[in-house]
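What the coordinates show
Take a look at the letters that make up each chain.
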Amino acid sequence: MSTLFKELAELCEKLEATTKRITMVNLISSFLRKLEPDEIGPAVRLIIGRIFPAWSQETLEISWRTIIKIIKNLTNASSKDISEAFSKTGDPGDMAKILMEKRKTIKQVTLLQSPLTILDVYKCFLSIANAKGPGSKKKKEGLLYGLLSRASPLEVKYIIKDILGEMRHGVSEGLMEEAIAKTSGASLEQIKRAHMLLGDLGDVAHIALTRGAQQIREVKIRLFHPIKPMLAQPVENVEEALKEHGGKTAFEYKLDGARVQIHLKNGKVAIFSRRLTNVTHSLPDVVKLILDEIKANEAILEGEVIAVGEEGKPLPFQHLMRRFHRVKDIEKMVKEIPVQLYLFDVLYLNEKMMIDEPYIKRWEHLEEISGNIRLTPRIITSDAKEAQKFFEKSKKEGHEGLVAKKLDSNYTPGIRGKKWLKIKGILDTLDLVIVAADWGYGRRHEWLSDYYLAAKDEKTGKFMVIGKTFKGLTDKEFKEMTKRLLELKITERGGTVYVKPEIVVEVAFDEIQQSPKYESGFALRFARITRIREDKGPDEADTIERVREIYEKQFRSKAKINN
Ligand code: ATP
């Protein structure tokens, strides 16, 4: 028997109503147990609000404008009703539910149709994503209209949340992993590892629940399905890195470019960005280099691509992003913005997974197969002075600093642990999400130029404002940003445009203060935007926990100075 989408929406309501982790795990677990095998993957994806894994390159491509248009059409709501409903709830899904409940007439067709099942909703999302090419906008709109017109207000709430990928019921991927482990009998460790390798909790749940723990243990990396990159934790200086890594470590240049994951199999190459987007088409020169130089039939390699100017000096990151965004005239771009590839890791080599090998061994393999491709400059040392010199050299050559890598460490995809430590040597910056913007005044009156910056509260999934800034962008960037923000607009009130959290910016600041000004309890002093993080999505932005950590660190160092 097909499970109704209504049951999934009701589960999400129950999850939203509790903050107890164990209750949430139990609720999800009993829900998963009831499902038919073909419903497991779709249900897991719909509960966590990730319909497509990042590597699939699929997106719904439904704009917020289209959603609002359909909601207006279905409910006869005015712009004022929308604005009121949004300010009451602050959430697009809740807003849509309120408007649906208020609508006066329910269309006859709605009453006659059979209730939505989980598979109906999921398959409709697949059809929306599959609508491509000329006329696709209309087709997508028609499909979504059809879906929403069959849905109850509660179902509409969760369909909208799924489209936006923001569930706000507090079910993180970690919690879903626990629920899958509990339901299947596999250990949490096994589930986490399978998730790291497959990059899709829907697939993990399906394997674990239908084929058992044994199959989960045997999951392997799939070529051309990128895996989440291993990340680094910040430390203040080389001494701290040496201490953390037991007195001796590898220091590599932290190159100021874009991270790439390169998949190679028998003459075929695909390159993925840090966000796991396929960027192969914008890097034909890198593809050629890999094909010419790498001495292996199958490999997954990692490295950094940097844009270089005359004399091979690194150019600012923005230049590289121009290249990544380009769809046409790639050959022209290849000449205009030359790039260099530096490799620093190998995760898979000739049918063998390398991620469990120690760093030092992986580097040896990399040396063996990399031909004339540059490896990232590095030293291995236990001497803080030598490391400090290397740090200064990296900075002088225009790079960001160093990454320290623990010699015996394995590669842990998607984890920001202590095995990799980054040393930038400047005050911390935060990657924050723009959630609203004010219209400027004077010279800037046509631009959205004062931005509300938010960090995600991982417990609730809500983006919490911690500061505002109008500093850091050029006139051209303000113009472009205004255009992008208006496309993401949810509503506008009193000169403030509220937007879907999507754009990530790197923000420098002088201090984090505790302040009642924002609901988050924190406020940035003298915030300014230092770059637009085109390579990061809202999920990869910094969290409130990180803000608290920096606040506390700052507090401790102040106490040190005062004592
Ligand atoms: P940041 O904002 O500092 O660039 P991030 O959040 O993108 O950091 P981190 O894991 O914190 O990612 O820092 C590592 C990043 O630094 C990588 O994503 C990669 O793009 C870049 N990088 C540059 N050189 C190296 C290197 N030698 N090894 C690993 N990563 C490197």
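Residues numbered from 1 in each chain as written. Predicted model: local features only at pLDDT ≥ 70, side-chain atom pairs only at ≥ 80, totals over all residues. Heavy atoms only, no water.

If you check helix α2 (residues 21-34), its first and last C-alpha atoms are 21 Å apart, about what 14 residues at 1.5 Å a residue would give, namely 20 Å. Among the residues making up α2, those that are buried are Met-24, Val-25, Ile-28, Ser-29, Phe-31 and Leu-32. The arc that holds every buried residue of α2, seen down its axis, measures 165 degrees, which confines them to one face. Opposite the buried face of α2, by more than 90 degrees, sit the exposed residues Ile-22, Arg-33 and Lys-34. Each element contacted by the buried residues of α2 is listed here: α1 (5-17), α3 (37-48), α8 (118-130), α11 (173-184) and α13 (201-211). (Helix = DSSP H or I, 4+ residues; strand = E, 2+ residues; numbered from the N terminus. Expected span 1.5 Å × (residues − 1). Buried < 20%, exposed > 50% of the residue type's maximum accessible area, 1.4 Å probe, protein only. Arc of directions from axis to C-beta. Contact = heavy atoms within 4.5 Å.)

What follows deals with the site of the ligand. Close contacts around the ligand come from 20 residues, with Ala-232, Arg-416, Lys-422, Arg-533 and Lys-536 the closest. The separation between an oxygen atom of the ligand and a polar side-chain atom of Lys-536 is 2.8 Å. Out of a free accessible area of 590 Å², the ligand has 96% covered by protein chains. Residue assignment for the shell around the ligand shows that the elements contributing at least two residues are β1 (231-235), β2 (249-254), β10 (401-405) and β11 (416-423). Among the residues making up the shell around the ligand, the classes are represented as seven nonpolar, one polar and twelve charged. Two domains share the shell around the ligand, each providing at least three of its residues, namely domain 2 (231-423) and domain 3 (429-562). (Near = heavy atom within 4 Å. Polar contact = N/O pair within 3.5 Å; in protein donor to acceptor, adjacent residues only side chain to side chain. Areas by Shrake-Rupley, 256 points an atom, 1.4 Å probe, with all protein chains shown as cover. Nonpolar A, V, L, I, M, F, W, Y, C, P; charged D, E, K, R; others polar. Domains from an automatic or database assignment.)

For the protein, the assigned domains are domain 1 (50-164), domain 2 (231-423) and domain 3 (429-562). Domain 1 and domain 2 are separated by 41 Å when their C-alpha centres are compared.

What follows covers the pattern of salt bridges. Taken as a whole and judged by the stated rule, the model has 56 salt bridges. Between Glu-336 and Lys-332 there is a salt bridge; the shortest N-O distance is 3.9 Å. Taken together, the positions of Glu-336 and Lys-332, both in helix α18 (residues 330-336) and four residues apart, correspond to about one turn of that helix. Residue classification places Glu-336 among the partly exposed positions, given a relative accessible area of 44%. When salt bridges with common partners are traced through the structure, they connect Lys-254, Asp-256, Glu-400, Lys-424, Asp-431, Glu-506, Arg-531, Arg-533, Asp-535 and Lys-536 into a single cluster. (Salt bridge = Lys/Arg side-chain N within 4 Å of Asp/Glu carboxyl O.)

This part is about the packing of α3 against α8. Running from N to C, α3 and α8 cross one another at 70 degrees; their axes reach a closest spacing of 10 Å. Classified by the angle their axes make, α3 and α8 are roughly perpendicular. Both α3 and α8 take part in a crossing whose hand is left-handed. Taking contact as the criterion, the partners of Asp-38, Glu-39, Pro-42, Ala-43, Arg-45 and Leu-46 in α3 are, on α8, Ile-118, Leu-119, Val-121, Tyr-122 and Phe-125. Class assignment of the residues belonging to the contact of α3 with α8 gives a composition of eight nonpolar, no polar and three charged. (Axes fitted to C-alpha atoms, helices over the stretch in contact; angles between N-to-C directions. Parallel < 35°, antiparallel > 145°, perpendicular 65-115°, else oblique. Left-handed = near helix turned anticlockwise from the far one by under 90°.)

For the rest of this paragraph, the subject is the packing of aromatic side chains. Going through the model one piece at a time under the given rule, you end up with eight aromatic pairs. A centroid spacing of 5.7 Å and a plane angle of 15 degrees characterise the contact between Trp-447 and Phe-478, whose relative ring orientation is stacked. Taken together, the residues span a long stretch of sequence, with Trp-447 in the loop between β12 (429-439) and β13 (448-457) and Phe-478 in helix α21 (residues 475-487) at a distance of 31 residues. You'll find Trp-447 and Phe-478 in the same group, each marked buried. The ring of Phe-224 carries Lys-268 above its face, with NZ or CZ at 4.1 Å from the centroid. One residue, Arg-374, lies across the ring of Tyr-342, its end atom 5.6 Å from the ring centre. (Phe/Tyr/Trp six-rings, centres within 6.5 Å; stacked < 30°, edge-to-face > 60°. Lys NZ or Arg CZ within 6 Å of the ring centre and 35° of its normal.)

By the element assignment, Thr-469 lies in strand β14 (residues 462-469). Thr-469 sits in the buried class, given a relative accessible area of 2%. Within the structure, Thr-469 has its side chain in polar contact with the backbone nitrogen of Lys-471 (distance 3.0 Å).

With 130 residues, the main nonpolar core has Phe-125, Leu-144, Ile-159, Ile-290 and Leu-301 as its most contacted residues. For this core, the element with the most residues is strand β6 (residues 339-349), which contributes eight residues. Split by domain, this core shows at least three residues from each of two domains, domain 1 (50-164) and domain 2 (231-423). Discounting residues that sit within four places of it in the chain, Leu-144 has contacts with Ile-62, Ile-67, Ile-70, Ile-128, Ile-159 and Ile-163. Leu-453, Leu-473, Leu-485 and Ile-512 belong to the second-largest nonpolar core, a separate cluster that totals 32 residues. (Core = buried A, V, L, I, M, F, W, Y, C linked by side-chain atoms within 4.5 Å.)

Successive side chains on a regular strand alternate, one facing one side of the sheet and the next facing the other. As paired strands, strand β15 (residues 489-493) and strand β16 (residues 496-499) are joined by four bridges and run antiparallel to one another. Each residue of the ladder has a partner; that of Lys-489, found in β16, is Val-499. Linkage of β15 to β16, two consecutive antiparallel strands, is achieved through a turn of two residues, within which Gly-494 is found at a positive phi near 50 degrees. (Pairing = 2+ DSSP bridges.)

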